[in-house]
Amino acid sequence: MPELPEVETIKRDLTKTILNKKIVAVCIRKPKVIKEPSIAKFKKSLIGESAKEVIRQGKLLIIKFRPDKFLAVHLRIAGWLIYGHKEERARVSFQFSNGKFLHYMDQRLLGELRLIKDWRSLNFVKNLGPEPFTLRPEQFVQIFKSRKTKIKALLLDQTLIAGLGNIYAQEALFLAKIDPRRPANSLSSQEAKLLGLKLTAVLREGIKYKGSSVDSYRDLNGDKGGMEERLKVYGRKGQPCLICKTPITKIQLAGRGTSFCSHCQK
Ligand SMILES: [Zn+2]
């Protein structure tokens, strides 16, 4: 599932690639992914337009065409975007006047595209918490100390902190040496601040290496991200911890696979 670093990578690539290119055709092969408006209106409203800005909020991608015309792209589990030649597997394709295409790919068909007047009014956006980059150390302490939820599950709650998903939450907990099963309110102030620092650090590293391609995620050119091989616990069940050599443990926590080192993470 694309998390903040993957979506930020797509945003940066789109900004370099599609701005001011005129859309001349829209091909919708799977109407299911278009949530609003109608298919006919979606097509008609986009033909002749060109993107002016690409915005990211949490894991949501927003392409601005006019002050009152935005395409919000929620990639969800397996959505991704690719720029290039004709691609029959694409769910939705936007053709530009230079003959190239922007394709929306999504094997699971769980992603959502919305052409809307104001992306900030989407309920999903209104409920988004702040991103780790914008939080001061004391704010992490405040968020954790009043909640009994297991810390790993809390980190995935987009209404409290936006942008994290299953991969980066596990990585940050490993770096902060905190057991993912601990109730959030059991963290000391020092641990909460350290976790805040590690959350920011791991997201920045993810952005630097253009994301992790553990599943279907690819960048706009169809290339894999470089973060996958840098992950320290995610996907390393049974392999030795990079610090103490204890085999990495994998459990189910709040319905999601969670890997950690039972020796280093207390
Ligand atoms: Zn260890």
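I will try to describe carefully the structure that is included in this document. Not measured: the values here are computed from a predicted model. (Residues numbered from 1 in each chain as written. Predicted model: local features only at pLDDT ≥ 70, side-chain atom pairs only at ≥ 80, totals over all residues. Heavy atoms only, no water.)

**Observations concerning the packing of helix H4 (residues 137-145) against helix H7 (residues 189-208)**
Where H4 meets H7, the closest approach of the two axes is 8 Å, and the angle between their N-to-C directions is 115 degrees. Comparing the axis directions of H4 and H7 gives the class roughly perpendicular. Crossing hand, H4 versus H7: right-handed. Contacts from Pro137, Phe140, Val141 and Phe144 in H4 reach Ser189, Ala192, Lys193, Leu195, Gly196 and Leu199 in H7. Looking at the contact of H4 with H7, its residues break down into seven nonpolar, two polar and one charged. (Axes fitted to C-alpha atoms, helices over the stretch in contact; angles between N-to-C directions. Helix = DSSP H or I, 4+ residues; strand = E, 2+ residues; numbered from the N terminus. Parallel < 35°, antiparallel > 145°, perpendicular 65-115°, else oblique. Left-handed = near helix turned anticlockwise from the far one by under 90°. Contact = heavy atoms within 4.5 Å. Nonpolar A, V, L, I, M, F, W, Y, C, P; charged D, E, K, R; others polar.)

**Overview of the nonpolar core**
The biggest cluster of nonpolar side chains holds 31 residues, and the ones touching the most others in it are Leu14, Phe42, Leu71, Val92, Phe94 and Leu113. Here Leu71 is in contact with Phe42, Leu61, Ile62, Ile63, Phe65, Phe94, Leu113, Arg114 and Leu115, once residues within four sequence places are set aside. Membership of the second largest hydrophobic core comes to 30 residues, among which are Phe140, Ala169, Ala184 and Leu187. (Core = buried A, V, L, I, M, F, W, Y, C linked by side-chain atoms within 4.5 Å. Buried < 20%, exposed > 50% of the residue type's maximum accessible area, 1.4 Å probe, protein only.)

**Things to note about the environment of Pro5**
Positionally, Pro5 belongs in helix H1 (residues 4-17). For Pro5, a relative accessible area of 0% puts it in the buried group. When the C-alpha atoms of Pro5 and Gly163 are compared, they prove to be 8.2 Å apart, with 158 residues separating the residues in sequence. The contact partners of Pro5, leaving out residues within four places of it in the chain, are Tyr168, Leu203, Gly206 and Ile207.

**Details of the sheet that holds strand E7 (residues 92-96)**
Spatially, E1-E7-E8-E6 is the arrangement adopted by the four strands of the open sheet, whose pairing is antiparallel. The open sheet terminates on both sides in strands that have one partner only, identified here as strand E1 (23-28) and strand E6 (79-84). Across the sheet, the mean angle from the axis of one strand to that of its neighbour is 15 degrees, orientation sign disregarded. Where E6 meets strand E8 (residues 101-106), six bridges bridge the pair, whose relative direction is antiparallel. Bridge assignment links Gly79 to a residue of E8, and that residue is Asp106. Seen against the sheet, helix H2 (residues 39-46) touches E1 and E7 and runs at an angle of roughly 160 degrees to E1. (Pairing = 2+ DSSP bridges.)

**Considerations on the packing of H1 against H7**
Between H1 and H7, whose axes approach to 8 Å, the crossing angle comes to 40 degrees. The angle between H1 and H7 places the two elements in the oblique class. Handedness of the crossing formed by H1 with H7: right-handed. Counting all contacts with H1, which are made through Leu4, Pro5, Glu8, Thr9 and Arg12, the residues of H7 involved are Leu203, Gly206 and Ile207. Residue classes in the contact of H1 with H7 are distributed as four nonpolar, two polar and two charged.

**Focus on the environment of Glu112**
With respect to the element layout, Glu112 can be found in strand E9 (residues 112-116). A distance of 2.7 Å separates the side chain of Glu112 from the side chain of Arg114, its partner in a polar contact. (Polar contact = N/O pair within 3.5 Å; in protein donor to acceptor, adjacent residues only side chain to side chain.)

**Notes on the sheet that holds strand E2 (residues 34-36)**
As summarised here, the arrangement of the five strands in space is E2-E9-E5-E4-E3, forming an open sheet in which the pairing is mixed. One side of each edge strand has no neighbouring strand; the edge strands of this open sheet are E2 and strand E3 (53-57). Direction aside, neighbouring strands of the sheet carry axes that sit 25 degrees apart on average. Of the pairings in the sheet, the one linking E3 to strand E4 (residues 60-66) comprises five bridges and is antiparallel in character. Opposite Glu53, over in E4, you have Lys64 as the bridge partner. Strand contacts of H1: E3 and E4, with the helix running at about 175 degrees to E3, the strand carrying the most contacts.

**What about H1?**
Between its first and last C-alpha atoms H1 spans 20 Å; for 14 residues at 1.5 Å apiece the expected length is 20 Å, and the two agree. Of all the 14 residues making up H1, ten are buried; the element is thus mostly covered by neighbouring parts of the structure. Every buried residue belonging to H1 is among Leu4, Pro5, Glu6, Val7, Glu8, Thr9, Ile10, Asp13, Leu14 and Thr17, and all of these are buried. Summarising the contacts, the buried residues of H1 are in contact with E3, E4, E6, E8, helix H6 (166-175) and H7. (Expected span 1.5 Å × (residues − 1).)

Structural measurements only, silent on function.
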